[in-house]
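# Descriptive analysis of the structure
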Number of protein chains: 4
Amino acid sequence: MERNISVEELHQIPTPKKEVEIVERKGIGHPDSVADGIAEAVSRSLSKYYIEHYGRILHHNTDQVEVVGGQSAPKYGGGLVLEPTYILLSGRATTKVGNDRVPFKSITIKAARDYLREHFRHLDVDADVMIDSRIGQGSVDLVEVYDTKKLEANDTSFGVGFAPLSETETMVLNTEKYLNGELKKKMPMVGYDIKVMGFRQKDTINLTVAAAMVDKYIHDADEYFNIKDELKQLVLDNAVEYTDKEVKVYINTADIKEDGKAVGYLTVTGMSMENGDDGSVGRGNRVNGLITPYRAMSMEAAAGKNPVTHVGKLYNVLSNKIANDIVKEEGNDIAEVLVRIVSQIGRPIDDPHVASVQVIYEGNVDHSKHKNNIRNLVDDRLAHISDLTMEFVEGKIPVF
Amino acid sequence: MERNISVEELHQIPTPKKEVEIVERKGIGHPDSVADGIAEAVSRSLSKYYIEHYGRILHHNTDQVEVVGGQSAPKYGGGLVLEPTYILLSGRATTKVGNDRVPFKSITIKAARDYLREHFRHLDVDADVMIDSRIGQGSVDLVEVYDTKKLEANDTSFGVGFAPLSETETMVLNTEKYLNGELKKKMPMVGYDIKVMGFRQKDTINLTVAAAMVDKYIHDADEYFNIKDELKQLVLDNAVEYTDKEVKVYINTADIKEDGKAVGYLTVTGMSMENGDDGSVGRGNRVNGLITPYRAMSMEAAAGKNPVTHVGKLYNVLSNKIANDIVKEEGNDIAEVLVRIVSQIGRPIDDPHVASVQVIYEGNVDHSKHKNNIRNLVDDRLAHISDLTMEFVEGKIPVF
Amino acid sequence: MERNISVEELHQIPTPKKEVEIVERKGIGHPDSVADGIAEAVSRSLSKYYIEHYGRILHHNTDQVEVVGGQSAPKYGGGLVLEPTYILLSGRATTKVGNDRVPFKSITIKAARDYLREHFRHLDVDADVMIDSRIGQGSVDLVEVYDTKKLEANDTSFGVGFAPLSETETMVLNTEKYLNGELKKKMPMVGYDIKVMGFRQKDTINLTVAAAMVDKYIHDADEYFNIKDELKQLVLDNAVEYTDKEVKVYINTADIKEDGKAVGYLTVTGMSMENGDDGSVGRGNRVNGLITPYRAMSMEAAAGKNPVTHVGKLYNVLSNKIANDIVKEEGNDIAEVLVRIVSQIGRPIDDPHVASVQVIYEGNVDHSKHKNNIRNLVDDRLAHISDLTMEFVEGKIPVF
Amino acid sequence: MERNISVEELHQIPTPKKEVEIVERKGIGHPDSVADGIAEAVSRSLSKYYIEHYGRILHHNTDQVEVVGGQSAPKYGGGLVLEPTYILLSGRATTKVGNDRVPFKSITIKAARDYLREHFRHLDVDADVMIDSRIGQGSVDLVEVYDTKKLEANDTSFGVGFAPLSETETMVLNTEKYLNGELKKKMPMVGYDIKVMGFRQKDTINLTVAAAMVDKYIHDADEYFNIKDELKQLVLDNAVEYTDKEVKVYINTADIKEDGKAVGYLTVTGMSMENGDDGSVGRGNRVNGLITPYRAMSMEAAAGKNPVTHVGKLYNVLSNKIANDIVKEEGNDIAEVLVRIVSQIGRPIDDPHVASVQVIYEGNVDHSKHKNNIRNLVDDRLAHISDLTMEFVEGKIPVF
């Protein structure tokens with residue numbers, strides 16, 4: 001099999017050297033990320049069930065989760081969730097295998113509940129969440145395509161990836177990870193719904209953070225604004241490790257503090273979905289964890305898609321992996337790599353319609369020196385694409 | 001007010017001259033587009049009600065619609081819808097004005113039904129669709145921000161636009177418009193769910209079309225495959241008007257025709273949502289009608305967002321408008337313009353955090369000759385951003 | 001087959017001669033009746049589909065409908081429905097016949113919409129109602145029992161009937177029919193949600209009527225109270241035709257008119273479900289159209305049950321039919337007849353566990369004169385029980 | 001206040017002496033009882049919240065619960081729940097008190113989950129149940145009536161009660177209690193969904209028991225049928241303690257055992273709702289725990305109604321209490337007492353439209369001897385009607 005692989009040199013300024021860069025990350029507790037997280041947890045659970053009972057992963061795509069925000073009345077010292085968040089699971093699964101019926105709804109509801117319990121400790125999953133499942137049977141044609149075991153693409157779609165991350169991108173990614181990770185011990189009042197927006201203009205990086213605060217840890221508005229000051233400093237200290245550029249940090253810019261009026265971003269559970277913010281799969285971070293309007297992106301929702309044949313999942317992750325591997329292997333010559341892989345419904349997944357690589361070199365580099373290596377690397381990674389499947393099932397590959 | 005406007009020259013190959021281009025358009029009957037269309041129809045209906053009763057558009061964001069596919073049994077000559085499609089409306093609206101309560105659910109359900117009836121004539125809206133609304137009251141803070149009338153951005157977000165469209169993009173866009181427009185008279189069996197994927201590799205454009213066929217117009221598999229041949233020729237004839245490059249057309253590539261087995265892409269209603277395909281707002285076309293992984297894109301769902309202050313809607317449309325206007329006014333010197341506009345929650349919408357323009361010129365052009373004109377154009381369009389509002393309400397601006 | 005038929009004489013005062021009698025009828029627009037009406041319409045539609053496609057009625061029981069009231073803001077001259085009523089269809093149907101799938105959800109949703117459109121003309125079915133269907137597949141065992149064609153009882157259950165109706169009962173029944181029938185031309189402002197309670201104490205019958213008024217026909221509170229006076233007189237004029245006893249009529253007794261305060265029972269659609277009143281199948285009228293706590297009653301919900309084998313439906317209707325036929329055939333000797341028919345799951349429906357008749361005679365009558373006739377009549381009616389089936393399908397037998 | 005109390009002697013044969021009697025009890029795990037149990041648990045939880053926060057029980061009626069059965073595949077040794085049961089909570093609650101909002105949905109969902117966990121140990125509440133709440137705000141008028149504290153009837157309704165229980169009734173009631181109580185230790189395979197039908201014909205009582213068996217405790221069909229034999233004997237041994245009449249016991253009469261075919265009544269959770277059986281409030285047992293078509297009954301659903309003013313709840317329970325107290329205090333002279341209490345909307349709950357007592361004496365008893373005592377007893381119980389309220393809240397009064 002001769003794969004259609006295109007390796008092209010681009011003569012242009014790499015993204016980090018352009019005047020403006022915008023990068024966003026929605027944290028794990030953002031409603032869109034909650035939807036993504038549930039969708040992927042549901043897919044993992046189904047996959048495990050299928051493997052256990054039938055020896056292989058059967059067709060499913062649970063990449064449709066709608067989070068309909070509830071209502072809450074946060075207040076300093078501890079408020080109330082007034083109306084539960086409603087979560088609708090949809091998508092398709094293999095619901096019957098021969099004469100066996102698969103308890104797919106029970107599996108998926110359980111997976112969703114477990115995911116929420118595990119990740120969001122201020123959420124009372126028994127009282128504050130209603131979960132409904134309208135997951136149905138897959139359309140027959142798709143199921144047949146899938147069942148041939150030839151691992152054919154089940155959609156005409158594409159994946160997009162790039163490497164390396166710019167300073168701004170690295171900073172945005174790690175700011176959220178810091179806030180939802182290490183910082184929690186020191187500042188438990190910082191909730192899970194965190195949105196980080198990095199906006200670099202020339203040599204200044206503006207880091208705008210929206211962080212839902214958990215009301216029960218904060219006694220009053222004064223304490224709230226003190227906490228914000230402390231948080232701002234910690235975010236800044238963390239951020240400057242990723243750059244030499246000037247960093248300006250803004251926290252919860254919609255807060256009001258004037259004329260004796262003080263309104264902060266307070267929540268009961270640390271999640272804005274408790275009070276009217278909706279979310280759905282595929283509207284948040286791309287598979288590299290970021291939203292990057294100054295870079296090429298795919299619109300595909302990866303979370304919840306089946307990890308065996310859905311190119312919307314596989315090709316996006318593989319594109320990023322290939323881009324990173326090229327940077328790693330080809331070394332310092334490379335300023336930026338963009339990878340796109342395009343499927344066509346019915347083609348084997350390891351033989352895409354095209355795998356297209358665009359390379360921007362640092363200074364004067366002879367493209368021909370790298371072109372063949374890159375070609376071979378892409379060829380190899382495509383040949384091993386199915387190695388990704390079990391990594392998804394085991395939760396080793398983040399998809400948002 | 002001195003707006004922060006950045007106009008930067010990029011020295012790089014314009015997109016249409018790169019080796020590979022991928023462009024996709026989901027037609028009006030694709031489940032993601034159905035979700036977008038309903039979301040926007042719902043916003044328009046609410047806006048009109050608010051204007052009629054309160055003189056201005058009140059806060060709402062109905063950019064959350066989940067389409068859960070039904071089940072069907074299409075067959076040559078006419079099949080059956082077996083299970084209705086379920087459509088969940090969510091998002092927020094202003095539900096109370098002083099002591100008045102707004103019949104927001106009735107308005108929104110009616111708007112959704114009317115939209116479906118108007119656009120998809122093979123769909124029996126009474127029998128084959130169930131609509132539920134979980135639209136709720138907006139979170140109080142957002143409502144307050146909105147109600148100040150200062151027209152402040154209600155989110156930290158950004159818009160992205162570019163111009164001009166490449167040949168491939170123009171061809172993809174117009175192929176779908178042709179199939180869902182003029183062609184319908186000649187070939188009524190071509191349904192509404194059409195997906196067009198354009199993949200240009202150097203000087204060859206591959207146009208892959210997936211078009212749901214309406215079963216009642218087709219007597220048997222032979223006729224189906226004859227129709228496909230006819231359709232292929234018509235698509236090709238139409239496509240070559242947009243390019244001198246070689247065009248290859250593929251129709252319904254997942255069809256099977258071998259060994260006496262013949263499986264086509266047949267539907268009862270011309271929409272794949274009838275049989276298991278789900279959709280949701282914001283996962284399909286960007287506001288320019290395309291998905292363009294070789295271009296910068298925003299992840300924002302525009303459809304359903306309020307047309308007064310939601311920068312996710314306004315800035316995306318305005319970015320494209322600015323890009324097009326620059327190309328129109330600055331003439332042939334310009335090969336490609338990229339525009340991004342970044343908000344920060346709480347800032348006036350006509351004073352974004354930054355409006356960034358990147359220009360690629362054709363050949364050797366003196367950037368300084370255009371830079372100021374462009375700056376002024378951007379400044380002017382931002383000053384008049386609110387002119388867009390009523391155009392959205394009247395349905396004059398497409399958002400997907 | 002020797003049927004187990006018990007015919008017993010009771011020496012007791014017939015119900016109409018006891019000191020107190022209470023009789024209630026929920027009109028066609030009462031939420032419980034709306035649920036009943038939809039359930040039965042759904043069963044009729046399914047039955048017709050099964051007959052048309054498979055030559056006989058297949059298993060189904062759609063006797064579960066939950067009407068969740070909406071919200072409204074009625075006002076004199078015409079108000080608004082604020083939130084749609086939500087209607088959940090559940091129950092079971094035969095969803096697959098061999099390899100055919102039955103479009104049961106589409107059929108049932110359509111039947112529900114059509115029923116509402118046909119009966120309640122102030123209801124905007126497109127805007128003010130949301131219908132969901134969770135009708136599922138029947139449990140396998142019941143389906144098998146049913147499919148044997150032996151017409152075996154699918155439940156251990158019983159039916160109850162009596163005759164003749166007392167004056168109070170006749171009056172209550174006909175008052176509602178009058179208000180929801182003939183009167184509508186003269187007084188269109190009288191809505192569909194009417195509840196009539198007859199309470200006889202010795203020789204006085206208190207007739208308490210709650211009637212939702214349609215706001216758009218009434219200009220102000222004065223007109224409302226005038227209409228009530230007019231209505232009271234018309235109800236009285238109608239009622240006295242059924243009795244020589246004293247009749248006192250009360251209309252909308254929860255209204256307030258004092259100290260300049262005037263609160264009437266106003267609705268937009270003539271139905272209280274528009275504003276918070278819920279309903280469900282089987283909680284309203286028995287199959288004779290009445291609720292009669294001074295008589296024996298069955299708890300079975302007849303509406304929506306399958307008309308072929310469900311004894312909860314067949315036996316209740318047959319018991320009343322038998323009671324009426326006995327009164328008709330045995331003549332003036334009989335003061336009161338009570339009939340109960342008891343099934344046992346698995347027995348043929350025409351051979352119940354017992355059919356028990358209790359007779360109260362007028363004065364001194366020789367029981368033995370009638371006993372055998374009655375026995376034979378019961379035997380005959382049981383033998384012809386299946387004649388009822390098509391009468392249900394054609395809507396000729398009211399079930400609530 | 002002179003209450004309207006009617007005490008009437010009836011000259012008729014007491015129910016236990018009539019030829020035929022039919023009595024039914026749906027056990028705690030029957031879908032209708034599950035609905036009742038949840039509805040009442042929800043009311044108790046709301047009541048407690050209101051008392052804790054506002055010092056008194058506020059308006060609510062949560063007497064609408066729809067249980068939509070799931071699907072399961074039981075098998076000897078342990079099967080699977082295939083689709084979760086869906087439970088819809090509806091009804092009304094006080095959702096706002098001054099500026100406070102009440103977390104009524106969270107309270108009610110939690111109450112429902114807790115109830116299920118507590119009573120049905122084979123049910124995996126996280127995986128096998130989906131709960132949705134559409135509980136809304138009460139209609140304004142009713143809320144006002146309620147809020148006056150005058151404790152006025154919120155409906156025109158009535159309660160019905162009688163005493164003493166016949167042997168058949170006592171036996172049916174205690175058979176279910178035995179099967180769902182004491183027996184569980186000895187025979188854990190007997191599930192919660194138990195339906196007991198007692199049918200007495202002259203001196204023979206037929207006791208038909210349908211009891212869902214829990215599959216994991218039973219290895220095969222042989223063991224199943226052995227267990228049935230054992231169970232039959234235990235039921236009989238228990239039943240004969242309540243009567244000297246002949247008792248015949250039938251267990252799971254729909255089972256099949258012939259020609260090598262053996263079909264038993266097997267479930268995974270001991271509840272038939274797991275596989276297609278639906279339930280709703282008010283369609284099962286009356287407040288005395290029985291369905292008695294040979295006695296007068298009320299159609300009112302008591303479970304879930306507010307325990308302060310809802311006469312549908314209070315009057316049914318009080319009628320039974322009064323009947324029992326009359327039997328207790330007036331001694332052996334009394335063969336049967338029937339009590340009905342009728343409200344009229346707007347009247348104080350302790351002053352019903354009428355309280356009607358009908359007494360059947362044993363042999364020749366002078367009615368005048370008892371009439372006044374009974375009158376006084378009724379008067380006293382009505383005067384203390386509000387004592388019931390807290391007993392409901394504390395769960396001391398069964399309502400189904």
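Residues numbered from 1 in each chain as written. Chains lettered and ligands numbered in written order. Predicted model: local features only at pLDDT ≥ 70, side-chain atom pairs only at ≥ 80, totals over all residues. Heavy atoms only, no water.

### Overview of the pattern of salt bridges
- Taken as a whole and judged by the stated rule, the model has 120 salt bridges over all chains.
- Two residues, D:Lys105 and A:Glu83, come together in a salt bridge whose shortest N-O distance is 3.4 Å. You can see D:Lys105 sitting in helix α2 (residues 104–119) and its partner A:Glu83 sitting in strand β5 (residues 80–83), one on each of two chains. Each of the two residues, D:Lys105 as well as A:Glu83, counts as buried.
- Here C:Asp379 and C:Arg3 are joined by a salt bridge, their closest N and O atoms 3.0 Å apart. One end of the pair, C:Asp379, is in helix α8 (residues 367–383); the other, C:Arg3, is in the segment before β1 (5–9), and 376 residues separate them in sequence.
- In this structure, a network of salt bridges that share partners links the residues A:Asp325, A:Lys328, A:Glu329, A:Asp380 and A:Arg381. (Salt bridge = Lys/Arg side-chain N within 4 Å of Asp/Glu carboxyl O. Helix = DSSP H or I, 4+ residues; strand = E, 2+ residues; numbered from the N terminus. Buried < 20%, exposed > 50% of the residue type's maximum accessible area, 1.4 Å probe, protein only.)

### Focus: the interface of chain B and chain A
- Taken together, the contact pairs 76 residues of chain B with 75 residues of chain A.
- Counting each side, the surface lost to burial between chain B and chain A is near 6300 Å², with a carbon and sulfur contribution of 52%.
- Three residues, B:Phe158, B:Arg283 and B:Met299, lead the burial of chain B against chain A; their summed loss comes to 12% of the area buried on that side.
- Here chain B is connected to chain A by four salt bridges.
- Linking A:Arg92 and B:Asp278 is a salt bridge whose minimum nitrogen-to-oxygen distance equals 2.6 Å. (Contact = heavy atoms within 4.5 Å. Buried area = accessible area lost by both parts, 1.4 Å probe.)

### A look at the relation of the copies chain B and chain A
- The transformation that overlays chain B on chain A combines an axial shift of 0.0 Å with a rotation of 180°, and the residual RMSD is 0.0 Å. A rotation of that kind, with that shift, is consistent with a two-fold axis. Scanning chain B for the C-alpha nearest the rotation axis identifies B:Gln12, at a separation of 2.2 Å. (Least-squares fit on C-alpha atoms with pLDDT ≥ 70 in both.)

### Section: the pairing of strand β13 (residues 204–214) of chain B
Residue and element names in this part refer to chain B.
- With 10 of its 11 residues buried, β13 lies for the most part within the structure.
- The pairing of strand β12 (residues 190–201) with β13 spans nine bridges and is classified as antiparallel. Its bridge partner lying in β13, Val190 is registered against Met213.
- Between β12 and β13, which pair antiparallel in sequence order, lie two residues; one of them, Lys202, sits at a positive phi of approximately 50°.
- With six bridges connecting them, β13 and strand β14 (residues 246–251) associate as parallel partners. (Pairing = 2+ DSSP bridges.)

### Describing the domain arrangement of chain A
Residues and elements named next belong to chain A.
- Entries for chain A in the domain assignment read domain 1 (5–14 + 156–166 + 283–393), domain 2 (31–145) and domain 3 (167–279).
- Computed over C-alpha atoms, the centres of domain 1 and domain 2 are 29 Å apart.
- With 17 residues of domain 1 at the contact, the number on the domain 2 side is 16 residues.
- Between domain 1 and domain 2, a total of about 1300 Å² is buried, with carbon and sulfur atoms accounting for 55% of that surface.
- The largest per-residue losses of area from domain 1 upon contact with domain 2 belong to Ala303, Gly304 and Val393, which jointly make up 39% of the total buried on that side.
- Run the count over domain 1 and domain 2 and you get two salt bridges. (Domains from an automatic or database assignment.)

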